[in-house]
Amino acid sequence: MAVSPESDIGEVLWRSRASESPESDELAMLDMFIGGFRAPDYGHFKGICMSVALWIVLLVCVLWIALSEMPAGWDGHLPLPYLIALTPLLWIPTLAIAIAGAVRHDTALAIVAAIACIASLLRKIAYWNNNLTSINTAQMVADNIAKKRETSCGTHTSTAAEAAKHGRFRVMTLNCRYGRANAAAIVSAVKEHDVAVLALQELTDDLVAALDEAGLSDLLPYRQLGENKDTDNGGFNGIWIRIEPSDTSPITAVIPAADVPGVCFPIDAMRGITFVSTHPKSPMRGCADWSAGILGLRELARAKSVSNRNIVVVMGDLNSSTDHPSFRKLLDAGFQDAALTEAKGRRATFPSWLPWPRLILDHILFTAGLTASDVRSFTVNGTDHLALAATLTLK
């Protein structure tokens, strides 16, 4: 019997069925869907966003590290020199991402971040393990052990002049920060470290006079200064030497920066050493000139007067490190870096007022015929760079 909405009983039953209509079922299902979607899916969505963010940051770090692999000269555009200078610090974010990937059980993220972390440290590690790339590491280790035994058995009473007779020279370089370095502190460092050759950058006439008054001319009586010009980057360069040179020149290489003065003296009838003081422009004074200045120093290694017999030592604030392609191109021309050759640690020099992180900007480079030892960086009052010193020994 059909139930009609006209009857009282039928109306009650009809309304009861109407209350159980598909519309109410849809509302119930919608409530279940919303309630079921919000709690678990929100956490999943948050996790996806975190993974995407970590991958994006890692990609930026990888591209940043890759900047140091560009061809020499391409790094002469802002802000590339500054970005490349900071690549040794990228181990911090990449290591953090690797740890986050491991915690989140994201194996791919952790592995890629770990590789990027190692890549950012490779050139930094070279300041410790560079000797391991030698063709005959065992022989080098034996030589180093023998050298240490000789040193421990000997005395340290020889003066710089006596050392020079045996082919050893203690050299030092310092950026004087617009001539503000303390003259007395420089002279004290020359005495303390028994320096035979001193290279200074960002000199002023007043500082040169103050150095003379402090007694530098008594310790290092021979010098060659670059010309003081308005186009100099922070000041002119100069070089002082204890032994009388056979030749001097205010310009040994032409670069778009302050003059590169040099002094030369013969070692024997067959060989001579030329010491120069240089300071290529900083990137903020023009990136193109910065790169050109570094690359321009290659002519010192290629000069006919150098050939296979003569030696060139380049000292100064080069405003670059091994992370910069332009600097590596300079090394490829035939120069060796004292700190890299000794391989006993980084000798960061800038800024002097910040213990960490410091950058490697100052260098002591030399062509074949020398070895480097006892490379040190230390504070000299009045300047924002640390001084850099090394003992160079004829082979």
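That block above? That's the structure.
Notes on the structure in this doc start here. Quick caveat, the model's predicted, so the values are computed rather than measured.

How each quantity is defined
- Residues numbered from 1 in each chain as written.
- Predicted model: local features only at pLDDT ≥ 70, side-chain atom pairs only at ≥ 80, totals over all residues.
- Heavy atoms only, no water.
- Helix = DSSP H or I, 4+ residues; strand = E, 2+ residues; numbered from the N terminus.
- Buried < 20%, exposed > 50% of the residue type's maximum accessible area, 1.4 Å probe, protein only.
- Lys, Arg positive; Asp, Glu negative; His and termini not counted.
- Salt bridge = Lys/Arg side-chain N within 4 Å of Asp/Glu carboxyl O.
- Contact = heavy atoms within 4.5 Å.
- Arc of directions from axis to C-beta.
- Pairing = 2+ DSSP bridges.
- Axes fitted to C-alpha atoms, helices over the stretch in contact; angles between N-to-C directions.
- Core = buried A, V, L, I, M, F, W, Y, C linked by side-chain atoms within 4.5 Å.
- Phe/Tyr/Trp six-rings, centres within 6.5 Å; stacked < 30°, edge-to-face > 60°.
- Parallel < 35°, antiparallel > 145°, perpendicular 65-115°, else oblique.
- Left-handed = near helix turned anticlockwise from the far one by under 90°.
- Nonpolar A, V, L, I, M, F, W, Y, C, P; charged D, E, K, R; others polar.
- Right-handed = clockwise from strand over helix to strand, strands pointing away.
- Patch = residues over 30% accessible without salt bridge, like charges linked within 9 Å, V, L, I, M, F, W, Y side chains within 5 Å.
- Areas by Shrake-Rupley, 256 points an atom, 1.4 Å probe, with all protein chains shown as cover.

## Overview of the side chain of Asp106
You can see Asp106 is positioned in the loop between α4 (91-103) and α5 (107-129). Although Asp106 is buried, it forms no salt bridge, and the closest oppositely charged side chain is Arg104 at an N-O distance of 5.6 Å. Beyond its immediate sequence surroundings of up to four residues, Asp106 is in contact with Ser51, Trp55 and Gly101.

## With respect to helix α9 (residues 205-214)
Along α9, the positions that sit buried rather than exposed are Leu207, Val208 and Leu211. Angular distribution of buried residues about the axis of α9 spans 100°; they occupy a single face of the element. When the buried face of α9 is taken as reference, the exposed residues oriented beyond 90 degrees from it are Asp206 and Glu213. Among the structural elements, α8 (183-192), β2 (197-203), α10 (216-219), β3 (222-225) and β4 (236-241) are those in contact with the buried residues of α9. Positive backbone phi, at 105°, marks Gly215, one or two positions downstream of α9.

## Some points on the sheet that holds strand β7 (residues 272-278)
Strand order in this open sheet of 6 strands is β5-β6-β7-β8-β10-β9, and the pairing throughout is mixed. Where the open sheet ends on each side, the last strands, each with one partner, are β5 (247-249) and β9 (336-337). Bridge count between β9 and strand β10 (residues 362-366): 2 bridges; the pairing is antiparallel. Of the residues in β10, the one forming a bridge with Gln336 is Phe366. The sheet strands contacting helix α13 (residues 325-332) are β9 and β10, and the helix crosses β10 at an angle near 20°.

## Looking at the nonpolar core
In this structure, Val171, Phe275, Leu297, Val313, Met315, Phe335 and Ile364 are the most contacted members of the largest nonpolar core, which totals 48 residues. For Phe275, the contacting residues outside a window of four places in its chain are Val171, Val197, Ile239, Ile241, Pro261, Gly262, Val263, Phe265, Val313 and Met315.

## Some remarks on the packing of aromatic side chains
Evaluation of the coordinates by the stated rule reveals 3 aromatic pairs. Relative to Phe265, the ring of Phe169 lies with its centre 5.5 Å away and its plane at 55°, an arrangement referred to as tilted. Here Phe169 is found in strand β1 (residues 168-175), whereas its partner Phe265 is found in strand β6 (residues 262-266), with 96 residues between them in sequence. Given a relative accessible area of 6%, Phe265 falls into the buried group. Taken together, Phe169, Phe265 and Phe275 form an aromatic cluster joined through their ring pairs.

## Re the packing of helix α11 (residues 287-296) against α13
At a minimum axis distance of 8 Å, the contact between α11 and α13 shows a crossing angle of 15°. Comparing their axes, α13 and α11 come out roughly parallel. Pair α11 / α13 crosses with right-handed handedness. Along the contact surface, α11 presents Trp290, Ser291, Ile294 and Leu295, while α13 presents Ser326, Phe327, Lys329 and Leu330. The residue inventory of the contact of α11 with α13, partitioned by class, reads 5 nonpolar, 2 polar and 1 charged.

## Considering the pairing of β2
The element β2 is extensively covered by neighbouring structure, given that 7 of its 7 residues are classed as buried. One ladder, built from 5 bridges, connects β1 with β2; its direction is parallel. The residue bridging Thr173 from the neighbouring strand is Ala199, located in β2. After leaving β1, the chain enters α8 and then returns to the sheet as β2, a path that is right-handed.

## Quick word on the sheet that holds β4
Overall, mixed pairing links the 6 strands, which are arranged β3-β4-β2-β1-β12-β11 in an open sheet. Edge positions in the sheet fall to β3 and β11 (370-378), since each has one partner strand and no second. Within the sheet, the average angular offset between the axes of one strand and its neighbour, ignoring direction, is 15°. The strands that α9 touches are β2, β3 and β4; relative to β2, the one it contacts most, it runs at about 145°.

## Brief notes about a nonpolar patch on the surface
There is a patch of nonpolar side chains on the surface, built from Ile48, Val52, Ile56 and Val60 and spanning about 340 Å² of accessible area. Among the secondary structure elements, Val52 is positioned in helix α2 (residues 22-66). Val52 sits in the partly exposed class, given a relative accessible area of 44%.

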